[in-house]
Amino acid sequence: MADAVGLVLAEEVVAPEAIPPFANTAMDGFAVRFADLASASAAAPVTLAVVGTVAAGAVADRALEAGQAMRIMTGAPMPDGADAVIMVELTESDDDTVRCNASVPEGNHIRRAGDDLEAGTVVFEPGTTIGPAHVGVLSSVGRAHVLVHRRPRIGVFSTGDELVVGPVPLEPGQIRDSNRPQLLALVAEAGAEPVDLGVLRDDHDEIDAALRSAVGGCDALITSGGVSMGDFDFVKQVLSSLGDLTWMQVAIKPAKPLAFGVLLGTPIFGLPGNPVSSAVSFELFARPAIRMMMGRSDTQRTHEWAIADEALGRARDGKTHFQRVVLSQQSDGWHVRSAGGQGSHQLAALAAANGLAVLPDGDGASVGDRVRVMLLS
Ligand code: AMP
Ligand code: MG
């Protein structure tokens, strides 16, 4: 059941029985009849006969009569005839008797049956996102299985002749594939099931064959690289030839190029190749779609306003910029500073960042300006 966390309920859940199922004590102490203790105080304790002990998981073997008490442990069912609990701290006892040093109101420390949930109550509506507390509630009403929206399977490819995988020495011109592991991690973090589809060469036929064979087994595909203006940007070409494709130049920095298409009902996100660009593009376009496929209502990341502790400079270029920043919460609210190099190849600054400052076209933010920031976690 713990692996349902982050998934969305696809059924109504009703409590088949009351929770708690029986009246029980919230305290270790003595089950009593409150009327017996009406006159009790520290100066004039009332002494009752102890006629038994009820542990959690047990049931009293008799009913309580006037002048009697039963030792009782937290969670144990109230004995018949008892209508209050006096906590052990307000008593002094030996094997046979208990001196009660205070009076207690009727119902004292009793958790009544159905106090949490009455039988027949709708506990959760369809569309509820399951968190750890939901797992607890579902277990408390006896549900070991629930119907949820499936975790979508998201296939991830890298593309590029320059990419190598594994602990091998780099030949001239080669770099290590960082997009695929990062995108697989982003898919998992979004709550979906990542499917590693490997690295594709910059080859039209190889990309074509790989996309065609992958769509059947995945609910969506994500590629990185090959959607820009270069001579070997075949992902864009293949997606166009496969049919329903939109190739875009989005007015944002980083992550300007983006291809999106649907092949045999499966959406394909062609993200840009630069490592920061592919991550930002994932955040802006793929992640909300994946969350929607999961049935989640919280498809968007949280945004906060933050005070710039340093200038977040940018050039005017007609685009909205997403700068990698470090957000911190201080006594007067959120503050923000740059996380480092803002090049789309400078992945280290993304790892240092916990937010993306959303800077509309203009001169950026000066010290003290309020900046809109998208939280990355
Ligand atoms: P492209 O969009 O294919 O032209 O790639 C743009 C830049 O991103 C180039 O510098 C590529 O080497 C780099 N790049 C593309 N794919 C990856 C990847 N999987 N890992 C790291 N860098 C990549
Ligand atoms: Mg490439």
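Scope of this entry: the structure provided in the associated data block. In this text, all values refer to a predicted model and were calculated from it rather than measured experimentally.

**Concerning the nonpolar core**
1) Next: Within the largest apolar cluster, 29 residues are counted, with the highest numbers of intra-cluster contacts made by I154, L183, V187, I222, L271, F282 and I290.
2) Next: Among the secondary structure elements, those contributing two or more residues to this core are strand 11 (153-159), helix 2 (179-190), strand 15 (220-224), strand 19 (266-271) and helix 5 (275-293).
3) Next: With near-sequence residues (within four places) excluded, L271 lies in contact with L183, I222, T223, S224, G225, V227, L258, S278, S281 and F282.
4) Next: Of all hydrophobic cores here, the second largest spans 20 residues; its members include V195, V215, L221 and V235.

**Details of the site of ligand 1**
1) Next: Surveying the vicinity of ligand 1 reveals 15 residues, the closest of which are E162, D177, S178, G226 and G273.
2) Next: S178 is positioned such that a nitrogen or oxygen atom in its backbone is 3.1 Å from a nitrogen atom of ligand 1.
3) Next: Take G273: an N or O atom from its main chain is 3.2 Å from an oxygen atom of ligand 1.
4) Next: In the complex, the protein chains occlude 77% of the 480 Å² of accessible area that ligand 1 would expose alone.

**Regarding the sheet that holds strand 15**
1) Next: As summarised here, the arrangement of the six strands in space is 14-11-15-19-18-16, forming an open sheet in which the pairing is mixed. Taken across any chain shown, the strands that pair with only one partner, and hence form the sheet edges, are strand 14 (193-200) and strand 16 (245-249). Each strand of the sheet is rotated relative to its neighbour by a mean of 15°, with strand direction disregarded.
2) Next: Of the strands in this sheet, strand 11, strand 15, strand 16, strand 18 (257-263) and strand 19 touch helix 4 (residues 234-242), which is tilted by about 145° from strand 16.

**A word on the side chain of N179**
1) Next: Relative to the helices and strands, N179 resides in helix 2.
2) Next: For N179, a relative accessible area of 7% gives the class buried.
3) Next: Apart from residues lying up to four places away in sequence, N179 is in contact with S158, S224, P272, G273, N274, P275 and S278.

About the cut-offs
Residues numbered from 1 in each chain as written. Chains lettered and ligands numbered in written order. Predicted model: local features only at pLDDT ≥ 70, side-chain atom pairs only at ≥ 80, totals over all residues. Heavy atoms only, no water. Core = buried A, V, L, I, M, F, W, Y, C linked by side-chain atoms within 4.5 Å. Buried < 20%, exposed > 50% of the residue type's maximum accessible area, 1.4 Å probe, protein only. Helix = DSSP H or I, 4+ residues; strand = E, 2+ residues; numbered from the N terminus. Contact = heavy atoms within 4.5 Å. Near = heavy atom within 4 Å. Polar contact = N/O pair within 3.5 Å; in protein donor to acceptor, adjacent residues only side chain to side chain. Areas by Shrake-Rupley, 256 points an atom, 1.4 Å probe, with all protein chains shown as cover. Pairing = 2+ DSSP bridges. Axes fitted to C-alpha atoms, helices over the stretch in contact; angles between N-to-C directions.

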